[in-house]
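An overview of the molecular structure
In case you want the letters, here they are:
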Amino acid sequence: ISREIVIQGELEPLRQVEIRAQTTSRVTGLPVARGERMDGGTLLIQLALEDRAAQLKHARAEVKRRHFEVEGARKLNKDGLVADNQLKAVEAELAAAEANQKKASLELGYTEIRAPFGGVLEVRDVELGSHVEAGERVAVVVDESVLKAVGHVSQQKVGELKPGQTIRVRLLDDREVEGQVTYIARLGDSKTRSFRVEAEVPNPDGLLNAGVSAELCIVTGRESA
């Protein structure tokens, strides 16, 4: 027979993230619908470019000009026609121009808000034409390809658990799925004296939903009876 620990718990997504805008602009494109699955790197929200492309072009031209100045100053310095402090000043101007170019490039890149990993666009906080401020939340992406079965085990039972043990998850509609224990908390809850336990449950077809209650049966051993 199997010795089991049975606890009440729930299913959680493997990971989820709030995506925030990194620049201030206006929404011009929404290629992914809410609830749609997409791959990592997919464009979720397009912001208006405004003059960012022109700023980057100007910054690149400035860097190129500063490069010529530095090359000329180095040749003159080698011939003793330009002082060392003058050369350093020109090199500092080049460094400042390169920093401005990097900043302009980042600003242009911030107009494309992409999914950090594959999953579902669970929440979209903006619509076409919305004005977005830097730091404002614009979307929530959830990875549900694998779910976490989460519960709490009493301090009397936690010593019987270890990573890799089989877990059976029974849902309220009587469906059952299996997974493996992946995490056992080392620090117990100070109020309940229980320990958080997590197990990963494959969900390749997306048939399981996160946030539902479940009964977790963790197999701790087998013995003859």
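Anything mentioned here points back to the structure above.
First things first, this report covers the structure right here in the doc. All values derive from a computational prediction rather than experimental measurement.

**A few points about the environment of Leu76**
Within the fold, Leu76 resides in helix 1 (residues 52–78). In the structure, Leu76 is positioned 11 residues away from Leu87 in sequence and 9.1 Å away in space, judged by C-alpha atoms. Setting aside its immediate chain neighbours within four residues, Leu76 contacts Leu81 and Val82.

**Some details on the packing of aromatic side chains**
A full pass over the atoms with the stated rule returns zero aromatic pairs. Across from the ring centre of Phe117, 4.1 Å away, lies the NZ or CZ of Arg15, which sits over that ring.

**Things to note about the pattern of salt bridges**
Across all of its chains, the model carries 22 salt bridges by this definition. Notably, a salt bridge pairs Arg37 with Glu144, separated by 2.3 Å at the nearest N-O pair. Placement of the pair is Arg37 in strand 3 (residues 37–38) and Glu144 in strand 8 (residues 137–154), with a sequence separation of 107 residues. Looking at Glu144, the relative accessible area reads 15%, which means it is buried. The residue Arg66 makes a salt bridge to Glu62 at a minimum N-O spacing of 3.0 Å. Placement of both Arg66 and Glu62 in helix 1 is noted, with a separation of four residues, approximately one turn of the helix. The class of Glu62 is partly exposed, set by a relative accessible area of 21%. Taken together, the shared-partner salt bridges connect Glu4, Arg168, Arg170, Glu176 and Glu215 into one network.

Thresholds applied
- Residues numbered from 1 in each chain as written.
- Predicted model: local features only at pLDDT ≥ 70, side-chain atom pairs only at ≥ 80, totals over all residues.
- Heavy atoms only, no water.
- Helix = DSSP H or I, 4+ residues; strand = E, 2+ residues; numbered from the N terminus.
- Contact = heavy atoms within 4.5 Å.
- Phe/Tyr/Trp six-rings, centres within 6.5 Å; stacked < 30°, edge-to-face > 60°.
- Lys NZ or Arg CZ within 6 Å of the ring centre and 35° of its normal.
- Salt bridge = Lys/Arg side-chain N within 4 Å of Asp/Glu carboxyl O.
- Buried < 20%, exposed > 50% of the residue type's maximum accessible area, 1.4 Å probe, protein only.

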